[in-house]
Protein chains: 2
Amino acid sequence: MMAAQATVSSERLWESLMAMAEIGRTPAGGVRRLALSDEDRRARDLFVHWLQDAGCTVRVDDLGNIYGRRAGAEPGAGPVVCGSHLDTVPTGGRFDGALGVLGALEVVRAMNDASLVTRRPVEVVCWTNEEGARFAPAMLASGVVCGQLTIDAAYGSRDSAGRSFGEELTRIGYRGEAEHRLQAPVAYVELHVEQGPILERAGAQIGIVEGVEGIAWGWIDVVGQAAHAGPTPMEDRLDALVAASRAVLAIRTMAKELPGVRTTVGRCDVSPNTINVVPGAVRLSTDLRARDAAALQAAAQRLQDVCTAIGAQDGVEVRASEFWRSPPTPFAAMVVDAVADTAHSLRYTTRRLWAGAGHDAKYVADRFPAGMIFVPSAGGLSHNEAEWTPKEDCGRGGAVLLGTVLRLTASA
Amino acid sequence: MMAAQATVSSERLWESLMAMAEIGRTPAGGVRRLALSDEDRRARDLFVHWLQDAGCTVRVDDLGNIYGRRAGAEPGAGPVVCGSHLDTVPTGGRFDGALGVLGALEVVRAMNDASLVTRRPVEVVCWTNEEGARFAPAMLASGVVCGQLTIDAAYGSRDSAGRSFGEELTRIGYRGEAEHRLQAPVAYVELHVEQGPILERAGAQIGIVEGVEGIAWGWIDVVGQAAHAGPTPMEDRLDALVAASRAVLAIRTMAKELPGVRTTVGRCDVSPNTINVVPGAVRLSTDLRARDAAALQAAAQRLQDVCTAIGAQDGVEVRASEFWRSPPTPFAAMVVDAVADTAHSLRYTTRRLWAGAGHDAKYVADRFPAGMIFVPSAGGLSHNEAEWTPKEDCGRGGAVLLGTVLRLTASA
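Residues numbered from 1 in each chain as written. Chains lettered and ligands numbered in written order. Predicted model: local features only at pLDDT ≥ 70, side-chain atom pairs only at ≥ 80, totals over all residues. Heavy atoms only, no water.

Please explain the pattern of salt bridges as it appears in this structure.
If you walk through the whole model with that rule in mind, you get 54 salt bridges over all chains. The closest approach of N and O atoms between Arg119(A) and Glu74(A), which form a salt bridge, is 3.1 Å. With Arg119(A) in the loop between α3 (98-113) and β4 (122-127) and Glu74(A) in the loop between β2 (66-70) and β3 (80-85), the pair connects residues that are 45 residues apart, well separated along the chain. You can call Arg119(A) partly exposed: its relative accessible area is 25%. Note on Glu74(A): relative accessible area 36%, which makes it partly exposed. Two residues, Lys362(B) and Asp366(B), come together in a salt bridge whose shortest N-O distance is 3.1 Å. (Salt bridge = Lys/Arg side-chain N within 4 Å of Asp/Glu carboxyl O. Helix = DSSP H or I, 4+ residues; strand = E, 2+ residues; numbered from the N terminus. Buried < 20%, exposed > 50% of the residue type's maximum accessible area, 1.4 Å probe, protein only.)

Sorry, what's going on with the packing of aromatic side chains here?
Where two aromatic rings form a pair, the distance of their centres and the angle of their planes describe that pair. Inspection of the entire model under this criterion finds 18 aromatic pairs over all chains. Between Phe95(A) and Trp388(A) the ring centres are 5.8 Å apart and the planes differ by 90°, which places this aromatic pair in the edge-to-face class. Taken as a pair, Phe95(A) in the loop between β3 and α3 and Trp388(A) in the loop between β16 (370-375) and α12 (391-411) lie far apart in primary sequence, 293 residues in all. By relative accessible area, which is 0% here, Phe95(A) ends up buried. Exposure remark for Trp388(A): the relative accessible area of 33% places this residue in the partly exposed category. Consider the rings of Tyr155(B) and Phe165(B), whose centres lie 6.5 Å apart with planes at 25°: the pair is stacked. Taken together, the positions of Tyr155(B) in helix α5 (residues 151-156) and Phe165(B) in helix α6 (residues 165-171) put the pair ten residues apart, joining distant regions of the chain. (Phe/Tyr/Trp six-rings, centres within 6.5 Å; stacked < 30°, edge-to-face > 60°.)

What is the right way to read unusual backbone geometry from this model?
When glycine is set aside, most residues are seen to have a negative phi, and most peptide bonds are trans. Cis geometry is adopted by the peptide bond preceding Pro137(A), which originates at Ala136(A) and carries an omega value of -5°. Positionally, Pro137(A) belongs in the loop between β4 and α4 (140-145). A cis amide bond links Ser271(B) to the next residue, Pro272(B), at an omega of 0°. The backbone of Leu36(A) sits at a positive phi, close to 65°, despite the residue not being glycine. Within the element layout of this structure, Leu36(A) appears in the loop between α1 (10-21) and α2 (38-53). Judged by its relative accessible area of 0%, Leu36(A) is buried. Located in the positive-phi region is Asn129(B), a residue other than glycine, with phi close to 55°. Here Asn129(B) is to be found in the loop between β4 (122-127) and α4 (140-145).

Got a minute to help me understand the side chain of Ser382(A) in this structure?
All names here are of chain A. Relative to the assigned elements, Ser382 resides in the loop between β16 and α12. Ser382 sits in the buried class, given a relative accessible area of 9%. Of note is the side chain of Ser382, whose polar atom sits 2.8 Å from the side chain of Gln195. If sequence neighbours within four positions are ignored, Ser382 has contacts with Asp96, Gln195 and Glu387. (Polar contact = N/O pair within 3.5 Å; in protein donor to acceptor, adjacent residues only side chain to side chain. Contact = heavy atoms within 4.5 Å.)

Now the structure itself:
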C-alpha cells in the first residue's frame, strides 16, 4: 500500500467531465441525456472505453449498470465500490451524476499513475436511469439491484412515447447478465454535487453526508363543483381552486411549524381549467421531507388534519393520500468517518449535512455500508442547464473520494 | 291583429327540443354539437326544414347565420327578430341555445295556427358559434354582424385541429351572402335558460333580464424560481405557486369586499408542474363581472393592487394584465317593459335580474333595441349534460316570447 503517493488530477477530471458533457450538449450549455437514449448509449460507450483504457475489467448487468473493476491484492476480498449515474433530466447540467462516475474513474487513474496495489478490488459503477426523468420511478436500476423493485416492474416501465425500459435497454446494446450485478461491496461511496446552497453559503469545500432524508409523496384531491363563472353567485360556489389554494398555503406554513420538515406542492392540475368556469376539481402533489422518521410522520398527520379542516371550512371534499414513502436512511458510520477523516487530513473546510434528494446511495445503503461526498453547487442550482461546480471543487471532491476509498480498502 | 288567439304549445315546443337534442346526443343524455361540425350541419338542416314547413322565407348570411322570415302586413316595416343558437359546448345540455331558437320557431307556428297577421315581419334567427367552444371568441357571428369583429378575423379563427371557421362553414354548406345579414330590426328578443340558481331559488317562473353584465378577462403571471424540492431550504425558495395561491384567495376576498362584483380564477397552469420541483412560474386566469362599469373598474384596479402587494411580500414577480373587457350593457327599456308586461299579464311570477354570461343579445343590443327572457335552470346547472328545464317552464318562456313579440310588432 502506497496510498500517500496517489494523487487525483483536477485537470484530467475536468477534461473528462467536459468531454462527457459534449454528449447530449444543449445550445444553452447544459446536457440532455435521457436514460437509454442514443445520447446515453454514446456516453456509455465512451465511459466503457475509458474504463478499458484504465485497465479495468468491464461487466454489464441485466439493468444496464456498468461496473469497471480494478483488481486488488487479496484473493476473494469484497470490493470498495464508487460511482453514480450518467443520465440527466431533459434540461440538465454537466455535473449531476457525471461527477460521481468520472470522479471514480479518476480515482482508478490516479491509482494507476502511482502503480498502487490495494488490498481489495476497487469498482467504478454507472447506475442506469437514476433521474427517473424518462422511466419512472427514479433510481430504478439500483432499486432492483438492492431489492426494492422487481425486474419485471423495471422492464415494464414505459416512457411518454410508450417504449419500455426493457426494449430500450436491448436496443442500445446494454442489456447484460443478472450475475453481473453488484457483488457484496464492503463499502459504497458516491461523490455528487450538493444541488442546494448550503455548502456555498457556509463556505465549506466538502459536504460530509450523514444520510438521506425521508420522503413522503402524495396527492391531495379537492372535489367541488364546476359552475359557469357568469351566472353563479359567489355564495353558491364550491370552488375547488380556492380550497386548493388554502391547502398550498397551509402546507407551506407546516414547514415553519414543524422543525426539520420541508414541504413542497409542485403540481397543481385544475379541471376543467377554463377561464369562465369555476374549478370543479383540483389535484395537488405533496412532497414532505425530513431526516427524522417521527418528524416525517408528524408532517403526514398534519397534512391530513389540514385537509380535513379546509374541507369543513369550504364545504368541499379534500382528501390527502400518500402513495410513496422512503424512510430516512442514515449512512454507515464507517463510511461517514472515512470521508470526514480524509477531508480533514486534506485540510478542506467541511460541513456535515443530509441529502435532501434521492440518490442511488440511498438504495445501496439499505443493504451495504454506504456514504456520500458533496461538493458545492454554485447558487444551489441543479437540474438546470446553468448548473456549475468549479474545477477546483471537482478536484477536491475527487481527492476526498480517492482518500476515502483508500481508507476503506485498507481498513474495511 | 288577433293576438289574443295565438297560443304556444308547450307540447310541440318540447317535442322539437327533444328531437333536436337527438342530434349530437351524448351517452349521458347531454349534447355535443360543436359549431360547424357534422352534427351542427344536421341540426341546421332540420331547423331549416322546420322553418320552411312553417312557411318562412329562409336566408343564410356569410357567417352561416340562418334567418327565417314570416311576412308582416306593412310593406317595408322593420322586423321583430327572436332567436338564439344551436351550437353547444363539448359536454353541453339540451336547452342552452336550442330553447331560444325553437321557442322562436314555436312563436311562428303559434301565429300560423291562429292565422295571425302581424304588422311587422317576424324573423327567427339561429346565430353561428355562440359558445366559442370550437372557434374563439364566443358570439363570433353576432359579433361580426354587429360590427364588433371583422369577417377576416372570423374566417381565420381556427379550432384545435387547425381547421378554420371559413373552411368549415363552406364544408358544411352554410356559407351564404353578406347581404343576407340581420336587417335593422326594430327589436330583438332572446329566450334562454338562466344558467344560474336565482330564479329557481326565488320561486320565479320568468326572469326579466335588464341587461348583460360587464366582463373583464385577464392573466396573472407569477414568476419565481424553479428549484429542486429536496436540497432547497424553505427560506431560499421563490415558490410561484405559493404566491399564486395567495392571489387566488385575495381575488376571492375581493368579491366579498366590492358589492356587485363576482370574481373567478378558472385556470391555473404551473411550470414545470413536477412533484419534486418548487414551481418556478404560474399563470392564473381572472374573470371579473359586474353590472356597473365603475364597479368593474374598481375590481380591475384592486386586482393590480393585490398583485403588487403579493409580489412584494413573497419577493416574486406578480403581473396582472387584462386582455379583454366587455362593458355592462343595459337592455332597451322598450323590450324589457314588453317582457315584463307580458309576463305579468300571463300572471307568471317574475324576477328582474342581469345576465352574468355573454349572449348574442349583448352584441345585438350594442346596435338595436334588445332584451332577453330567462326561464329557470334546475340547480343552476348549465354547460353540463345534466342541464334541465321542465316542459312547463319552457312553455311559459315560449308564451312570454310570443306575447313580447306581438307587443313589439304592434307598438314598436
